[in-house]
Each structure stands twice: as structure tokens, then as C-alpha cells.
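Spelled out, the chains give:
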Amino acid sequence: MLARIVQSMLSSSKIQQKFLHRDGRTEKKREFSYLIVFVCRANVSLTEHPLKDELILFGGEFFDGRTTLLFNDLYIYDIKKQHWKRVQTPQPPAPRSSHQAVSVAMRDGELWMFGGEYTSPSQSQFYHYNDLYVLRLSTLRWEKQAASTTGPSGRSGHRMTTAKRQLFLFGGFQDYIT
């Protein structure tokens, strides 16, 4: 099965990554093998589609020993066809890793995502997100959710689940600089 997944990704052999900073600045481009970046990506969210035989992958990071790349791209894996498809979505969340996502079948399917971590390419800057997004699976559009109360602190490495139309968040960590 892994061989089929790899073959489906070979159509685009190289990518160029612009390093995107939180303040909107970009740094030089660097070319990487698309296949290596995808297969070696860590700290993604991989969530089952609530209504279809699909898996949804978002974000993650790649470290080649010198530079960290963060992603905010979305892929859908068709389990029956054993095929990955990259999906372009308008206004996705910022690039991140170590976030959590859960899916629910309500309103034709939704993917809820909280938190995660930004790491600069040189790993000299870190930031933990405390934002909550929902991806409407019927339209593949992201919506940032406004919190009506003070929500959880920014974090990464946490766990999240859903029950009875509520999201439950547990654990995680945040680096505090004193």
C-alpha cells in the first residue's frame, strides 16, 4: 500500500518552499523533493472523514537537519482508490504542527482544529496558537471561530475529542520564556 501512496505523489517531484514568518515576511526559497517532504512530514493531523471513506491530513513540519518547514496544506486520502489528492482551500489557517483535529458528521461533515505550534525555519522562534478553526467538508472552506469566552491557552502536543456536540481538550504544552 505504501508503494501506491508514493507513486501517487511522484507527479510533482520538486517543491519550492517560501519560509513564511508570522509577521508576513518571507525568506529565500529552498527546493526540496516533494516526495521526501511529504513522506517525512511529522506532527500532522490525520483525521477520518465522518461521512466518506477518506482520511484528511493537515499541516505538519519537516526538518532536514538544518531548516524547519511548516505547512498549512490539506490532503485527502481516498481509502478505496488508495490515492492522495492535494486540495486547495481559500484562507487556510497559518502553517503549524502538533495541532489537533477531530471530525463530526453535523452539517454535511466538519473538521475542527485547535492550536498547534509555529517554529521559525532556524528554530530560533516559537509560537503556540490558541485559535479554533472549522473546515466545512461540503465546501472545503475554513472558518476561524470567534471565542465567546476566554478559551484555552495556546498549546501544542495536546489531545482533543468530541462528545455530545462539545469539544474536549486535554493536556499539551507551551514554552514560557521568563
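Residues numbered from 1 in each chain as written. Predicted model: local features only at pLDDT ≥ 70, side-chain atom pairs only at ≥ 80, totals over all residues. Heavy atoms only, no water.

## Quick look at the overall build of the protein chain
- Along the protein chain, the regular secondary structure elements total two helices and 14 strands.
- Taken across its 178 residues, the protein chain has 43% of its residues classed as buried.
- In the protein chain, of all internal contacts separated by at least 6 residues, the share reaching a separation of at least 24 is 49%.
- Within the structure as shown, the protein chain displays about 10,600 Å² of accessible surface, and the carbon and sulfur contribution to it stands at 50%. (Helix = DSSP H or I, 4+ residues; strand = E, 2+ residues; numbered from the N terminus. Buried < 20%, exposed > 50% of the residue type's maximum accessible area, 1.4 Å probe, protein only. Contact = heavy atoms within 4.5 Å. Areas by Shrake-Rupley, 256 points an atom, 1.4 Å probe, with all protein chains shown as cover.)

## A look at the sheet that holds strand β4 (residues 54-63)
- Spatial strand order, β3-β4-β5-β6: four strands in an open sheet with antiparallel pairing. At either end of the open sheet lies a strand with only one pairing partner, and these are β3 (45-48) and β6 (83-87). Between one strand and the next, the sheet's axes are offset by a mean angle of 25°, whatever the strand orientation.
- Alignment of β4 against strand β5 (residues 68-78), held across nine bridges, turns out to be antiparallel. Paired with Leu57 across the bridge in β5 is Tyr75. (Pairing = 2+ DSSP bridges. Axes fitted to C-alpha atoms, helices over the stretch in contact; angles between N-to-C directions.)

## Considering the environment of Thr68
- The topology assignment puts Thr68 in strand β5.
- Accessibility expressed as a relative area gives 2% for Thr68, which makes it buried.
- Residues Thr68 and Ser120, 52 residues apart in the sequence, show an inter-C-alpha distance of 6.9 Å.
- At 2.8 Å, the side chain of Thr68 and the side chain of Gln123 are in polar contact. (Polar contact = N/O pair within 3.5 Å; in protein donor to acceptor, adjacent residues only side chain to side chain.)

## Things to note about the sheet that holds strand β7 (residues 100-104)
- Spatial strand order, β7-β8-β11-β12: four strands in an open sheet with antiparallel pairing. Across the chains shown, the open sheet's two edge strands, defined by having one partner strand only, are β7 and β12 (141-144). Looking at each pair of strands side by side, their axes are set apart by 20° on average, direction ignored.
- As paired strands, β7 and strand β8 (residues 110-114) are joined by five bridges and run antiparallel to one another. The residue bridging Val102 from the neighbouring strand is Trp112, located in β8.

## Details of the pattern of salt bridges
- All told, the structure shown has seven salt bridges when counted by the stated rule.
- Two residues, Lys80 and Asp53, come together in a salt bridge whose shortest N-O distance is 3.4 Å. Of this pair, Lys80 sits in the loop between β5 and β6 while Asp53 sits in the loop between β3 and β4; the two residues are 27 residues apart in sequence, bridging distant segments of the chain.
- The class for Asp53 is partly exposed, based on a relative accessible area of 43%.
- Between Arg107 and Glu110 there is a salt bridge whose closest N-O contact spans 2.7 Å.
- Where salt bridges share partners, they join Arg107, Glu110, Arg136 and Glu143 into one cluster. (Salt bridge = Lys/Arg side-chain N within 4 Å of Asp/Glu carboxyl O.)

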